[in-house]
Amino acid sequence: MSSKTFKSGIHPKEYKELTEHLSFETIPLPDEITLPLSQHLGKEAKALVKKGDEVQPGQMIAQAEGFVSAPIHSSVAGKVMSLGKEQTSSGFPKDSIVIKTNETVESQKFLFTPLNPNAVTAEEIRERVALAGIVGQGGAAFPTAVKLTPPKDKTIDVVILNGCECEPYLTRDYRFMIERPDDLISGLKLIMKALDVKRGVIGIEDNKPEAIKILSGKAKYEEGIEVVSLKTKYPQGAEKMLIKAVTGREVPPGKLPLDVGAVIQNIGTAIAIHDAIVNGEVLITAALTVSGKGIKNPKNLIVPVGTPIQNVIDYCGGVTEDAMKIVVGGPMMGFAQFDLQAPVMKATSGILVLTKDEVAKNPETPCLRCGQCIEACPLNLMPTKLARYTQLNRFEHAEEAGITVCMECGTCAYTCPANIPLVQWIRLGKQKVLQMQKERVVK
Amino acid sequence: MKQISLIVATLTIIGIIAGGSLSLVNNWAAPKIALNLKAETERAIFLVHPDGKRYEEIKNAGLEVYKVFNEKDSSVGYSLVYDGNGFQGNIKLMIGLTNDLNRTTSIEILEQSETPGLGTKILEAPYKDQFNGLEVNPSIILVKGAEPSNPNEVQSITGATISSKAVVAIVNEGITKLKDIENKGASE
Amino acid sequence: MELLIIFISAALVNNFVLSYFLGICPFIGVSNKTSSAISMGMATTFVMALTAVVSWLLFNLILVPFKLEFLQIPSFILVIAALVQFVEMVIKKVSQPLYRALGIFLPLITTNCAILGLALLASMRGYDFLESVVFGVGAGAGFTLALVIMAGIREELDLADVPKPFQGAPITLIVAGILALAFMGFAGMI
Amino acid sequence: MKKQVPLLREFTKGLWEINPTFKQILGMCPTLAVTVSAINGIAMALATTFVLVFSSLMISLVRKLIPNQVRIASYIVIIATFVTIVDLVMKAQFVELSKALGPFIPLIVVNCIILGRAEAFASKNGPLRSVLDALGNGAGFFISLFVLGSIREIIGSRTILGYQVLPNGFEPWLIMILPAGAFLALGLLMGFANLYIERKKNLVRESLIAQYKRVGREEITDEVLKEAGV
Amino acid sequence: MIVNLWQAQVEVKRKNMETTTTIEPKQKVYFDLTTSPHLHSRWTTSKVMWFVVAALVPSIAAALTFFGWTQIFIIIVAVAFSVGTEISIQTIRKKQITWFDGSAALTGLLLALTLPPNFSLSATAIGAIVAIGLGKQIFGGLGYNIFNPALVGRAFLQAAFPVQITTWTKPNFAVDSVTSATPLAALKFDKIFTDTASMTIGNIGGSLGETSAIAVLIGGIFLIAVGIVNWRIPLSMIIGMLVFGGIFWLIDPQNPTPVFHIFAGSFLFGAMFMATDWVTSPITNKGMWIFGFGISLVLIVIRIYGGLPEGVMYSILFMNGFVPLVNRYTKPTIFGVAKEAVKK
Ligand SMILES: Cc1cc2nc3c(=O)[nH]c(=O)nc-3n(C[C@H](O)[C@H](O)[C@H](O)COP(=O)(O)O)c2cc1C
Ligand SMILES: Cc1cc2nc3c(=O)[nH]c(=O)nc-3n(C[C@H](O)[C@H](O)[C@H](O)COP(=O)(O)O)c2cc1C
Ligand SMILES: Cc1cc2nc3c(=O)[nH]c(=O)nc-3n(C[C@H](O)[C@H](O)[C@H](O)COP(=O)(O)O)c2cc1C
Ligand SMILES: Cc1cc2nc3c(=O)[nH]c(=O)nc-3n(C[C@H](O)[C@H](O)[C@H](O)CO)c2cc1C
Ligand code: SF4
Ligand code: SF4
Ligand code: SF4
Ligand code: SF4
Ligand code: FES
């Protein structure tokens, strides 16, 4: 089978072998959970409980504020201990609800009435997805209901399920694809129904032949659904790249996938939608991969949202002596952690414990103009120039060179033989440029 | 209007003063400059024919060539001006030839723009003197890296082969041209 | 063929800037931005071609017949200055965009030695009319080439870490020196 | 009324403070082209100075008579006249030198130094000051040409003013008398000159700061520094 | 500086915490907090440079075999003076001393390999000082230079000492037909063709590094294979030479064949090791093609019409001058922009 792809990109070592053969395990309930009110892109949710309240699993404890937002549900039965700022895995403290688990109460099973997937209407799906607090599982945690409600003037003609899982180490989506293929296809069909789209595509990198085989077998019997094999390459899973590979369309800078008629959802998101509609569940668990050479027993886990990272690591046997860095998310885009009390959130896809050997800190030198970052950048930017303009405080030049287009995928910094922290500089420059643009609007 | 006439007047006055003073200087300088030029050519003509005393320009030859006579007013040979490309630019030679056009008496370089210290070695004795009484038949040959072994051979300058070669080529070509003209003259 | 040689010689082998040292001031002064370098180069080429025409006519039809060769310098420079002024006026009338692109560079060119040098060299070498024109265009092309290369390099050097005392004219001269080394490869081509 | 500068300063400022080559970056073409040897540099500088002095004198004499519109044109005619005189004299009397300097003698006419001084100084000052200013600039030009010419001649031909100064064992660097060498030598010379100036400025500044500290004055304003020539 | 910046950011983060929360990390704190990406390729500047040095080993070996082991002194002097100049200038400029990144040593090595056998050691030293001083440090050091430093050094030497640098030594094991002149000089001045086989093995006159095409190719292909050399530059140079050289050959079969042009002189050495210098070649892929074709075009013109027999050095330096412009005009179009423009 020939594999589709986009231009440029990189081939980092994958390390998937650490966990790809391991089925999901469910981790025991922690003593205490921390639920940040903002686990999604958009407005922070508004708390519905106060200190001392008793809560049930699946109970909505914070409601969505405005259009782009999502509600928060308790993932355990217990008592609200406090409301206030707590550390999160993004590195910034956020308003959170801390709940002490009440061991005597059995965990929640059904909260909504299950709906018949063949009979539900688009409206019902959207409403259910919103109420269930589903956010994108692909990393950005964008409220899914919003994606399912496109503006009237846009025509969407394809839904793409993102099964690339292009970040090294992570195997969560892969496990979903081989453990729950039927639910996944059901989820995809629900999304297509909500958007009134006839074509559904599941894009999978060709390093997961097992998943491709299983899903192709199932898709044969489904009208309008196909499986597309994609070349294994980072960042194949980035929206713009995936759309390019699957449909040949390019999303212009500053535009969204729906501007070219596509909606992208992660595999995990489709599963969550299926669970919400067909099983009536709300999103109170996160499926994630715990991996890296610095963790004693790598695993794929189902973890109640709010569980401290520390608990997850302890469950996996703790860290080894030479552990250097703990990352939440993938190794290319995730966040380094300094406080392990930070909780697992709805869209957390992985926890990585990396050793010195994996992190490979190398001395930095001036740019050698090798052009590798340019060749690698999937968005055809010139990372070396963007970084240099930022270093010299030439933000106008940086803006002109398209710094705001950068998606911070880290491809450039990965390749750079001079080991320049390109993404950091670009991030800094981007902030300055965005600020500049804001000031211009004010004027 | 007044403005314009003022401008015109000023320019005219300045122009007249400038032109006037220049023509004064020129009257003084022009003959000297002409003399300098003539002296240079003359010097070169006699340099390649040391026993020459008088010369005549051969007109209508299409070449700048002079017939040179000695004290007794008998012809000693020709002085031929000929040029061609060197390494950097034009090389212009004064070539002294015997009456029968079978030998060069010597050569003089009138103009060149070769690399100083390298191509300019063609101006120096070791190279230039090789043309004193050099056999030109069938043609002058440049040899590299070895002593000349035949009477029509010239040794090249190390590191300036191109310039050495250019001089030889210019001499050869000039002589051929001159011979053609002579032959034509003879047949006519 | 003769004409081609004159052109190549003026543009590459004996590049006006890099081997004849003519027009160094604009070369240093106007080479910090590629866009203005291109405009300046085009304007100069244009004026050079015109100069070649006009100075040839002036020299061969007026100065030589009337034995006024000694007035060569003042008459050349006045005629060139008048010409450039005239061209500037015409461009301003005819096309505003062209004026913005080229016009503002024209006055800069008037008193520039590359132009006068061109006129003097052409008459010194005894070029005929066509040869003069080709010489003018070749010299202009060579000037433009050197200027645009230098502008590109200087924009790049803007991002570099050149030691402070060497910024500006010194580094420009050194780059010109290295370019002159590179152009030496064309030596002997004529 | 601006402060009257002492007469002597009109001359000395041209030597370094507003040195045409190093500070004003004018007259680069002749500087680079003729400095193959020291003697060429000297001849060029003298010829330029001659034109500079006489045209400055002329211009400062007639400056009030010339209408503004034709100011530049008149200056150019005046300059061109003197240049032609130099050119003719050199062709008549100094044949070799005139050949070596090639078209650069006639090109003095467009040398920006001359028009620059005419515009900036002679057209605004009296004859005495103008001549001093011209002499000063000429001398500054002379210094640059002589220094550059000497350096290039010594390294490029082992000689200075025709006398051999380096031993035969030293292989001359041909590049110094080629165009590339001219650019490189002048670029380096300028760079090191700047470096030297910067170092000196820093030293003066530091000593000034120390001095002020001793006196107990705290503030060192920019004016103070400027006055000290920093 | 960068390290400081990220440290400062971490400081800010910590401060935020102290003022807004009372949480103390309860467990071991992991202080490697550099932001994403957390993985990096294994290349470093010094590793790249030393790989190139390694790729030059066959050429060095060939040089020592054909011209005698004493040639090692030229290499030692060139490397020592390059590194010495680098250290001196960085000391004077009060910059961090970085000779160990290998770039200065590599420049010295490459300079040595472009010099003729038995070249004067004092002139070699001058070349090395010029290469690093005028070719590299005056632009700000590693990564900022416009022209290939080793070639700047060599071009300087060629202009300063043109006689010495065109004085060739006969190689060891030379058969009688082999002269000390390089194949190109033999062709230009004496109209003698050298056969490709000799040029491939290397018992011909020429600069130290260029004599053996095989040795050069081994090193070059190794560099392409490990991904240091971008194949576009050598490939476009070779294609360019086949095309332009072919045209001249077809016009006048007196001219050498394009294959001769490829094997003669320092074409391959330049294509593999010098035109491919990262710093002084284009950063865009399209630019690399233009650069390679440009070098070949300028080169063939110099070789056929120029006064000098060889022009690889000049054509690379000439095209180096164009690199900033080439980069600017081959700037890749940002993903998605072209489509948008077409729509409008
Ligand atoms: C000497 C050489 C020549 C090559 N020529 C080509 C070529 O003409 N076209 C091409 O697409 N790949 C060529 N390649 C392959 C590339 O090295 C490389 O595999 C490819 O550009 C990677 O593309 P990717 O970004 O799709 O992974 C060549 C490789 C070598 C070593
Ligand atoms: C560099 C980069 C790589 C990405 N890789 C993936 C991926 O491999 N799989 C994935 O599902 N989403 C990936 N994403 C996120 C997608 O762009 C997109 O946001 C997501 O697929 C949308 O689905 P969701 O809303 O269900 O999360 C990536 C994003 C970026 C910026
Ligand atoms: C800077 C420079 C200047 C040169 N000048 C001349 C020159 O004036 N005349 C010349 O014949 N060759 C000149 N050459 C050419 C070389 O020296 C050329 O290789 C030489 O003519 C070949 O002669 P050879 O076979 O004796 O080495 C010059 C080369 C360079 C690099
Ligand atoms: C593939 C490759 C080729 C190189 N070629 C050269 C070269 O030809 N000359 C040189 O001075 N340095 C070369 N370098 C070293 C380095 O890039 C050079 O020192 C920089 O130009 C200095 O800024 C090369 C490096 C690499 C990776
Ligand atoms: S790396 Fe991120 S975007 Fe790519 S598959 Fe993994 S979670 Fe998805
Ligand atoms: S981080 Fe930005 S600049 Fe770097 S490769 Fe990704 S998109 Fe391109
Ligand atoms: S990868 Fe690094 S060294 Fe290479 S061009 Fe980009 S920033 Fe420069
Ligand atoms: S007018 Fe011409 S010569 Fe004078 S400074 Fe400007 S560019 Fe230089
Ligand atoms: S351009 Fe100014 S002196 Fe030539």
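Please read all numbers here as calculations on a predicted model, not as lab measurements.

**What about the domain arrangement of chain D?**
Here's step 1: Each domain of chain D was delimited in the assignment, giving domain 1 (7–176) and domain 2 (190–227).
Here's step 2: The straight-line distance from the C-alpha centre of domain 1 of chain D to that of domain 2 of chain D is 33 Å.

**Notes on the interface of chain E and chain A**
The extent of an interface is frequently quoted as the accessible surface area lost upon association of the parts.
Here's step 1: Taken together, the contact pairs 57 residues of chain E with 81 residues of chain A.
Here's step 2: At the boundary of chain E with chain A, total buried surface from both sides reaches about 6,100 Å², with 60% on carbon and sulfur atoms.
Here's step 3: Inspection of the region where chain E meets chain A yields two salt bridges.
Here's step 4: The salt bridge involving A:Asp357 is made with E:Arg42; its shortest N-O contact spans 3.7 Å.
Here's step 5: Broken down by secondary-structure element, the contributors of at least two residues to the side of chain E that touches chain A are α1 (2–20), α2 (45–55), α15 (285–305) and α17 (337–343) of chain E.
Here's step 6: In terms of residue count, the dominant contributor to the side of chain E that touches chain A is α1(E) (seven residues).

**Things to note about unusual backbone geometry**
Here's step 1: Following A:Tyr234, the chain continues to A:Pro235 via a peptide bond in cis, the omega torsion being -10°.
Here's step 2: Along the chain, the position of A:Pro235 falls in the loop between β11 (225–230) and α6 (239–247).
Here's step 3: Of note, the bond from B:Asn137 into B:Pro138 is cis; its omega dihedral lies within 30 degrees of zero at -10°.
Here's step 4: Tracing the backbone through its elements, the reader meets B:Pro138 in the loop between β6 (134–135) and β7 (141–143).
Here's step 5: Of note, the phi angle at A:Arg369 is positive, near 50°, even though the residue is not glycine.
Here's step 6: For A:Arg369, the location among the structural elements is in the loop between α9 (356–359) and α10 (372–376).
Here's step 7: The phi dihedral of C:Lys67 falls on the positive side, at around 55°, and the residue is not glycine.
Here's step 8: With respect to the helices and strands, the residue C:Lys67 is situated in the loop between α3 (34–63) and α4 (72–94).

**Concerning the site of ligand 2**
All names here are of chain A.
Here's step 1: In the vicinity of ligand 2, 20 residues are found, and the nearest of them are Gly138, Lys147, Gln265, Asn266 and Thr269.
Here's step 2: In the model, a nitrogen atom of ligand 2 is placed 3.4 Å from a nitrogen or oxygen of the Ala238 main chain.
Here's step 3: Element by element, the count of residues in the shell around ligand 2 is highest for strand β12 (residues 262–266), at three residues.
Here's step 4: Each residue belonging to the shell around ligand 2 can be placed in one class, and the counts come to nine nonpolar, eight polar and three charged.

**Description of helix α6 (residues 121–133) of chain E**
All names here are of chain E.
Here's step 1: Along its 13 residues, α6 runs 18 Å from first to last C-alpha, staying within 8% of the 18 Å computed at 1.5 Å per residue.
Here's step 2: With ten of 13 residues buried, α6 lies mostly within the body of the structure.
Here's step 3: Residues of α6 that are buried: Ala123, Thr124, Ala125, Ile126, Gly127, Ala128, Val130, Ala131, Ile132 and Gly133.

**Quick notes on the pattern of salt bridges**
A side chain of one charge can pair with a side chain of the opposite charge when the charged atoms of the two come close.
Here's step 1: Scanning the model with the defined rule gives 45 salt bridges over all chains in all.
Here's step 2: A salt bridge links A:Lys218 to A:Asp182; the nearest nitrogen and oxygen atoms lie 3.5 Å apart. Taken together, the residues A:Lys218 in helix α5 (residues 209–219) and A:Asp182 in helix α4 (residues 181–195) connect sequence positions 36 residues apart.
Here's step 3: A relative accessible area of 46% places A:Asp182 in the partly exposed class.
Here's step 4: Connected through shared salt-bridge partners, D:Glu10, D:Lys13, D:Arg117, D:Arg129 and D:Asp133 make up one network.

**Some thoughts on the pairing of strand β13 (residues 285–291) of chain A**
Each regular strand shows side chains that alternate between the opposite faces of the sheet.
Residue and element names in this part refer to chain A.
Here's step 1: Most of β13 sits out of view: six of its seven residues are buried.
Here's step 2: Here β13 pairs with strand β14 (residues 299–304) via six bridges, running antiparallel. Bridging from a neighbouring strand, Ala287 pairs with Ile302 of β14.

**Remarks on the confidence of the model for chain D**
Where the model shows low pLDDT, its predicted coordinates should not be examined in detail.
Here's step 1: Residue-level pLDDT values for chain D average 84, and 91% of them are 70 or greater.
Here's step 2: Of all secondary-structure elements in chain D, the lowest mean pLDDT belongs to helix α9 (residues 222–227) of chain D, at 60, while helix α7 (residues 127–157) of chain D reaches the highest, 92.

**Brief notes about the sheet that holds strand β17 (residues 350–355) of chain A**
Strand pairing in a sheet takes place through backbone hydrogen bonds and is either antiparallel or parallel in direction.
Here's step 1: Strand order in the open sheet formed by six strands is β1-β14-β13-β17-β15-β16 (chain A), with mixed pairing between adjacent strands. Either end of the sheet is taken by a strand with one partner, and the two such strands are β1 (24–26) and β16 (335–336) of chain A.

Cut-offs used in this document
Residues numbered from 1 in each chain as written. Chains lettered and ligands numbered in written order. Predicted model: local features only at pLDDT ≥ 70, side-chain atom pairs only at ≥ 80, totals over all residues. Heavy atoms only, no water. Domains from an automatic or database assignment. Contact = heavy atoms within 4.5 Å. Buried area = accessible area lost by both parts, 1.4 Å probe. Salt bridge = Lys/Arg side-chain N within 4 Å of Asp/Glu carboxyl O. Helix = DSSP H or I, 4+ residues; strand = E, 2+ residues; numbered from the N terminus. Near = heavy atom within 4 Å. Polar contact = N/O pair within 3.5 Å; in protein donor to acceptor, adjacent residues only side chain to side chain. Nonpolar A, V, L, I, M, F, W, Y, C, P; charged D, E, K, R; others polar. Expected span 1.5 Å × (residues − 1). Buried < 20%, exposed > 50% of the residue type's maximum accessible area, 1.4 Å probe, protein only. Pairing = 2+ DSSP bridges. pLDDT = per-residue confidence, 0-100.

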